[in-house]
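For reference, the chains in residue letters:
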Amino acid sequence: MDTQPLYDFAPVARLMLLGVVIALGPLAWVWLRNRHAPPAHRLRVLTLITLFLTFDLVLFGAFTRLTDSGLGCPDWPGCYGSVSPVGASTSIAAAQEAMPHGPVTFSKAWIEMIHRYLATAVGVLILVLSMVSWVERRRLSVSYVWPLVTLVWVCLQGAFGALTVTMKLFPAIVTLHLLGGLGLLALLRAQSVGYALAEPGHAGPVPLPGRLRGWLGAVFVLLWLQIALGGWVSTNYAVLVCGEFPTCQGSWWPAMNFREGFTLWRELGQNHTGELITFPALTAIHYVHRLMAYLVLAAMLWLGWRLWSVQGMRPAARALLLLAAWQFGSGLTNVVLDWPLLAAVGHTGGAAALVIVLTGVLCGTRRSSQRDAVLSAPSLHLSTPIR
């Protein structure tokens, strides 16, 4: 069987056309339902739809990784030079016959390609958002720069998606690809809040005490650090090295090799010398993520409790508390039930939802001033919940 080149751009035009067709549905819905609305409202609705589809893309990316379908099509952007597994059926059948449980099967090829189709559609929607924001820039009080930044970001994310395949699930690349997807969620959420604040009648950002807003930023940083650690656990397949809770391998401090575990630039399943990665290294990867989870969980619960008393912040506080509980439950289920697929995908979804919620709170609030103190009486408070 001939070796398939890693990059085959023959199906690019057809893949892009398919992405346009998928994106036409959301675009038509936004135009029909909001054609008479102000530009800021139309852009906010389109941004929220794009945010929803990007959230789905992150979940499906987790499903692709967890079902070992990341190499279901070993080239990029198509599948054996075809736009779908149907056209690549002969090559896929040959690969599956040679390795029935290998990385290339019909089911894995379809999972991988559906992920690419959805990613292409999201890219088309972000392109439309950047074009419309540029056209409407004189009628908007929101900068058109951020949609352009988001467009560049999604192009870089596509490049990392290609490297994920061509570098054979290199752990650092896969982890960066996950972080890039969540960064895309944060950019879209920030834009949706900006468009909401620009709509007529909105009272503006909710004032927060300066110290609380500072802690909000600190918790946001902690969340990203924990997500990076979780991505490193997943991409190194280190979830199951500790099969009980709260101890690990019957100990509160099991044997760990931090240097080997956190050597970032290495092949999947190998250490920096090219030998098989050791069990203590995988244990270090898992246990650091678990220990960090205790700190992040406490910070989330404290922040949710503090935000609960701020007028206009109760919906965000409720979402934050519920998501913190969900992350603890789904993470625990991954350990004690041997990483069930639904819980593992749900754990990634919870992390993505936390990014969306905290980004919304950061972009929809500001430091309070002395004037806010004068208007803080319930009868005079003008703040509204973040939409």
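All of these numbers come straight from a predicted model, not from anything done at the bench.

Novice: I tried to follow the layout of surface pockets on my own but got confused; where do I start?
Specialist: Space left empty within the atom packing is revealed by a probe, the size of a water molecule, rolled over the atoms. Counted as a void, the largest pocket has a volume near 1,100 Å³. Around the largest pocket, the lining is made up of 41 residues, and of these Trp76, Ala119, Thr120, Gln157 and Gly158 lie nearest the centre. Elements that contribute at least two residues to the lining of the largest pocket include exactly α1 (12–34), α2 (39–66), β2 (76–77), α4 (106–135), α5 (145–166) and α6 (171–198). At nine residues, the largest contribution of residues to the lining of the largest pocket is made by α5. Class assignment for the residues of the lining of the largest pocket results in 24 nonpolar, 14 polar and three charged.

Novice: Please clarify how the state of the cysteines should be interpreted in this entry.
Specialist: For the structure shown, the criterion picks out two disulfides. Paired by a disulfide, Cys73 and Cys79 hold their sulfur atoms 2.1 Å apart. Taking the torsion about the S-S bond as the criterion, the Cys73 to Cys79 disulfide, at about -80°, is left-handed. In this pair, the class of Cys73 matches that of Cys79, namely buried. Paired through a disulfide, Cys242 and Cys248 show a sulfur-sulfur distance of 1.7 Å. As the torsion about the S-S bond is roughly -55°, the Cys242-Cys248 disulfide counts as left-handed.

Novice: Even after reading the chapter, I still don't get α5, so can you show me in this structure?
Specialist: An ideal rise of 1.5 Å per residue puts 32 Å on 22 residues; α5 measures up with 32 Å between its terminal C-alpha atoms. The complete set of buried residues in α5 reads Pro147, Thr150, Val154, Gln157, Gly161, Ala162, Thr164, Val165 and Thr166. Each element contacted by the buried residues of α5 is listed here: β1 (7–8), β2, α4 and α6. Two residues or fewer after α5 comes Lys168, characterised by a positive phi angle close to 55°.

Novice: I keep staring at the side chain of Ser192 and nothing clicks. Help me out?
Specialist: Inspection of the secondary structure assignment puts Ser192 in helix α6. Within the structure, Ser192 has its side chain in polar contact with the backbone oxygen of Arg189 (distance 2.8 Å). Setting aside residues no more than four positions away along its own chain, Ser192 makes contact with Arg44, Thr47 and Leu48.

Novice: What exactly am I supposed to notice about the confidence of the model for the chain here?
Specialist: Fine structural detail should not be taken from predicted coordinates in areas where pLDDT scores are low. Per-residue confidence for the chain gives a mean pLDDT of 90; residues scoring 70 or more make up 94%. In the model of the chain, helix α12 (residues 370–374) stands out as the element of lowest mean pLDDT, 53, in contrast to helix α9 (residues 279–308), which has the highest, 97. Here residues 377–383 scores under 50 on pLDDT; set against residues more than four positions off or in separate chains, the count is ten contacts.

Novice: Even after reading the chapter, I still don't get unusual backbone geometry, so can you show me in this structure?
Specialist: Peptide bonds are mostly trans, and most non-glycine residues show a negative phi. The omega torsion of the bond from Trp76 to Pro77 falls at 5°, within 30 degrees of zero and hence cis. Tracing the chain through its elements places Pro77 in strand β2. Of note, the bond from Phe245 into Pro246 is cis; its omega dihedral lies within 30 degrees of zero at 10°. Summarising the element assignment, Pro246 is placed in the loop between α7 (210–235) and α8 (258–261). Despite not being glycine, Asp68 has its phi angle at roughly 55°, a positive value. Within the secondary structure layout, Asp68 lies in the loop between α2 and β2. Accessibility expressed as a relative area gives 40% for Asp68, which makes it partly exposed.

Definitions and cut-offs
- Residues numbered from 1 in each chain as written.
- Predicted model: local features only at pLDDT ≥ 70, side-chain atom pairs only at ≥ 80, totals over all residues.
- Heavy atoms only, no water.
- 1 Å grid on protein atoms, 1.4 Å probe; cavity = no way out; pocket = protein on both sides within 12 Å on 5 of 7 lines; lining within 4 Å.
- Points joined across faces, edges and corners; volume = space filled by probe spheres on them.
- Helix = DSSP H or I, 4+ residues; strand = E, 2+ residues; numbered from the N terminus.
- Nonpolar A, V, L, I, M, F, W, Y, C, P; charged D, E, K, R; others polar.
- Disulfide = S-S within 2.5 Å.
- Buried < 20%, exposed > 50% of the residue type's maximum accessible area, 1.4 Å probe, protein only.
- Expected span 1.5 Å × (residues − 1).
- Contact = heavy atoms within 4.5 Å.
- Polar contact = N/O pair within 3.5 Å; in protein donor to acceptor, adjacent residues only side chain to side chain.
- pLDDT = per-residue confidence, 0-100.

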